[in-house]
Amino acid sequence: MGYLLLFLFVLLFDQISKAAAFAVMGSESALHEWIPNALGIKTTVNTGISFGWFGDKEWAMPVFIGLTAVALVVFFVFFLKTSKKKHFLRVALVLIMVGAAGNLIDRAVMFGVRDLIWMNFGFVDFSNNIADIAVSVGAVMFVLALLFVDDDAVFRPNKKKEEAAIEAAAADLVENSQKSGTDNDIGHDADR
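Presented here is an overview of the structure given in this document. Given the structure is predicted, the values throughout are model-derived calculations rather than measurements.

### Description of the packing of aromatic side chains
The full count for this structure, using the stated rule, is four aromatic pairs. Ring centres of Phe121 and Phe126 lie 5.8 Å apart, and the angle between their planes is 35°; this geometry places the pair in the tilted category. Residue placement shows Arg90 over the ring face of Phe79; its charged tip is 4.0 Å from the ring centre.

Here it is as structure tokens:
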């Protein structure tokens, strides 16, 4: 239930922020900077993918819509098959899915993605939205989960210590069960 609430909250926040920004500023607004030369608001409609690539191609929009829909299904199936104990990975998947869904809604309804958050990193400047940020954060969390966070992560810190502790606990369990089995045999012999 918590994952569904996260999905709905981020999706509503994405759609409401886009609608509000475009209602107030229009579809082609001037840049309003919050942090000079770094961060601001600039509403644009991106008919392509990242940085507007392929926005001028007729085939692009149906392909983007189809690929996004397929990706949503794949990530949803992956979410369902992911262990419920892997909360970090499941949150990452929800963020990726909600970001994809937010931009899919825009592409299907507006024939382009509404962007409003302008960022400048010196070598590149671009506009994005809450859905894009959710996908980016989810993707970083996804990689972190697979590399460091999950029990079976590639580079899990203290993984060898954990495995040694598990082996020691298993050996103790076997030893204790053998002792209690011997005790039970003695008790049964006394009854005879």
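### Describing helix 2 (residues 60-81)
For an α-helix the count is 3.6 residues per turn, leaving residues at separations of three or four pointing the same way. Compared with the 32 Å implied by 1.5 Å per residue over 22 residues, the 31 Å span of helix 2 between its first and last C-alpha is a close match. Where helix 2 is buried, its residues meet helix 1 (2-25) and helix 3 (87-110).

### Here we look at the sheet that holds strand 2 (residues 39-46)
The four strands are arranged 1-2-3-4 in an open sheet whose pairing can be described as antiparallel. Both outer strands of the open sheet, strand 1 (32-35) and strand 4 (125-128), are each paired with one neighbouring strand and no more. In this sheet, neighbouring strand axes are inclined to one another by 40° on average, regardless of whether the strands run parallel or antiparallel. Where strand 3 (residues 113-120) lies against strand 4, four bridges are found, and the strand directions are antiparallel. Bridge pairing in strand 4 places Asn120 opposite Asp125. Those strands touched by helix 4 (residues 130-149) are strand 3 and strand 4, and its axis lies near 65° from that of strand 3.

### Things to note about a nonpolar patch on the surface
Taken together, the side chains of Phe88, Val140, Leu144, Phe148, Val149, Val154 and Phe155 make up a nonpolar region of the molecular surface, amounting to roughly 590 Å² of accessible area. When residues of the nonpolar patch are assigned to their parent elements, the largest contribution, four residues, is made by helix 4. Structurally, the position occupied by Val154 is in the loop between helix 4 and helix 5 (159-191).

### Structural notes on the packing of helix 3 against helix 4
Close contact between helix 3 and helix 4 brings their axes to 7 Å; oriented N to C, the two are set at 155°. Overall, the two elements helix 3 and helix 4 adopt an arrangement that is roughly antiparallel. By crossing handedness, the relation of helix 3 to helix 4 is classed as left-handed. Touching Phe88, Leu89, Val91, Ala92, Leu93, Leu95, Ile96, Val98, Gly99, Ala100, Gly102 and Asn103 of helix 3 are Ala131, Asp132, Ala134, Val135, Val137, Gly138, Ala139, Met141, Phe142, Leu144, Ala145 and Val149, all from helix 4. Its residues assigned to classes, the contact of helix 3 with helix 4 shows 19 nonpolar, four polar and one charged.

How each quantity is defined
- Residues numbered from 1 in each chain as written.
- Predicted model: local features only at pLDDT ≥ 70, side-chain atom pairs only at ≥ 80, totals over all residues.
- Heavy atoms only, no water.
- Phe/Tyr/Trp six-rings, centres within 6.5 Å; stacked < 30°, edge-to-face > 60°.
- Lys NZ or Arg CZ within 6 Å of the ring centre and 35° of its normal.
- Helix = DSSP H or I, 4+ residues; strand = E, 2+ residues; numbered from the N terminus.
- Expected span 1.5 Å × (residues − 1).
- Contact = heavy atoms within 4.5 Å.
- Pairing = 2+ DSSP bridges.
- Axes fitted to C-alpha atoms, helices over the stretch in contact; angles between N-to-C directions.
- Patch = residues over 30% accessible without salt bridge, like charges linked within 9 Å, V, L, I, M, F, W, Y side chains within 5 Å.
- Areas by Shrake-Rupley, 256 points an atom, 1.4 Å probe, with all protein chains shown as cover.
- Salt bridge = Lys/Arg side-chain N within 4 Å of Asp/Glu carboxyl O.
- Parallel < 35°, antiparallel > 145°, perpendicular 65-115°, else oblique.
- Left-handed = near helix turned anticlockwise from the far one by under 90°.
- Nonpolar A, V, L, I, M, F, W, Y, C, P; charged D, E, K, R; others polar.

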